[in-house]
Amino acid sequence: MKKLIICLICAFCGCMSSSAQKFAVVDMEYILKNIPAYERANEQLNQVSKQWQAEVDALNTEAQTLYKNYQNEVVFLSKEQKKAKQDAIVEKEKQAADLKKQYFGPEGELFKKRTALMSPIQDEVYNAVKDIADQRGYQLVLDRASNSGIIFGSPKIDISSDVLRKLGY
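All of these numbers come straight from a predicted model, not from anything done at the bench. (Residues numbered from 1 in each chain as written. Predicted model: local features only at pLDDT ≥ 70, side-chain atom pairs only at ≥ 80, totals over all residues. Heavy atoms only, no water.)

**Focus: the overall build of the chain**
Line of reasoning, step 1. For the chain, the helix and strand inventory stands at six helices and two strands.
Line of reasoning, step 2. Burial analysis of the chain (169 residues in total) assigns 23% to the buried set.
Line of reasoning, step 3. Of the contacts formed within the chain by residues at least 6 apart in sequence, a portion of 77% connects residues at least 24 apart.
Line of reasoning, step 4. Summed over all atoms, the accessible surface of the chain reaches about 12,000 Å², with 56% contributed by carbon and sulfur. (Helix = DSSP H or I, 4+ residues; strand = E, 2+ residues; numbered from the N terminus. Buried < 20%, exposed > 50% of the residue type's maximum accessible area, 1.4 Å probe, protein only. Contact = heavy atoms within 4.5 Å. Areas by Shrake-Rupley, 256 points an atom, 1.4 Å probe, with all protein chains shown as cover.)

In C-alpha cells, the structure reads:
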C-alpha cells in the first residue's frame, strides 16, 4: 500500500512539474563546426601544439642519443665520467619533461592559449543560446553532442540552427 501511494505521489509530481517546464536541445558540435572563427582557432592550436611537441621530441631524441653513446662508451669510462654522462642524460630527460609540462600541463601554455582563443567564441554561443531560451521560455537547454545520456531529442525542440542564425552564420 505504501509503495502504491508513493508511486502515485511521484507520478502526480512528475506530471505537474513536466507540464510547467519547456526544454530544448542544441548540438554544440554542429554549431561550432559552422563557426569559421572556431575552426581557425582550432587550426591555430593544432599548429602550435605540433611545434611545441617537436621541441619536446627533439629534447627526448637528444636524451636517447646521449644514452646510446653512453652505452657504447661505458666500458671505457672512469667512475667520474660515467657519473657525469649519467647526470647529463638525466638532466636532458628532466628538461624534456619540464618542457612538456610547461606546454601541455594542466596550467600549461596550450591550456592558456586554448582558453584565450576559445572562450570568446564559447561565450558568444552561450549568450545566443541564453537569449533564445529566454525569448521562448525554455527552463532547460541540453547539449545533444555531449555524453549526457540523451537517447532521443525531437527535431522540434532542437534550436541549433536558431543559434547559428542568431550568431549570423
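Next comes the rest of the write-up.
**Things to note about the packing of aromatic side chains**
Line of reasoning, step 1. Under the definition given, this model contains two aromatic pairs.
Line of reasoning, step 2. Look at Tyr103 and Phe104: their rings are 6.3 Å apart centre to centre, the planes differ by 80°, and that puts the pair in the edge-to-face class.
Line of reasoning, step 3. In this structure an aromatic cluster arises from ring pairing among Trp52, Tyr103 and Phe104. (Phe/Tyr/Trp six-rings, centres within 6.5 Å; stacked < 30°, edge-to-face > 60°.)

**Considerations on the side chain of Ser160**
Line of reasoning, step 1. The topology assignment puts Ser160 in helix 6 (residues 160-167).
Line of reasoning, step 2. In this structure Ser160 comes out as buried when scored by relative accessible area, which is 2%.
Line of reasoning, step 3. Of the polar contacts made by the side chain of Ser160, one reaches the backbone nitrogen of Asp27; its length is 2.7 Å.
Line of reasoning, step 4. One polar contact links Ser160 to Asp158, side chain to side chain, over a distance of 2.6 Å.
Line of reasoning, step 5. Setting aside anything within four residues of it in sequence, one finds Ser160 in contact with Val25, Val26, Asp27, Tyr30 and Ile31. (Polar contact = N/O pair within 3.5 Å; in protein donor to acceptor, adjacent residues only side chain to side chain.)

**Considerations on the pattern of salt bridges**
Line of reasoning, step 1. Overall, the coordinates contain eight salt bridges when judged by the stated rule.
Line of reasoning, step 2. Put simply, Asp98 and Lys94 hold a salt bridge, and the shortest N to O gap is 3.0 Å. Linking Asp98 with Lys94, this pair stays in helix 4 (residues 79-104), spanning four residues, or about one helical turn.
Line of reasoning, step 3. Judged by its relative accessible area of 39%, Asp98 falls in the partly exposed class.
Line of reasoning, step 4. The exposure class assigned to Lys94 is partly exposed, which follows from its relative accessible area of 46%.
Line of reasoning, step 5. Linking Asp162 and Arg136 is a salt bridge whose minimum nitrogen-to-oxygen distance equals 2.8 Å. Of this pair, Asp162 sits in helix 6 while Arg136 sits in helix 5 (residues 109-136); the two residues are 26 residues apart in sequence, bridging distant segments of the chain. (Salt bridge = Lys/Arg side-chain N within 4 Å of Asp/Glu carboxyl O.)

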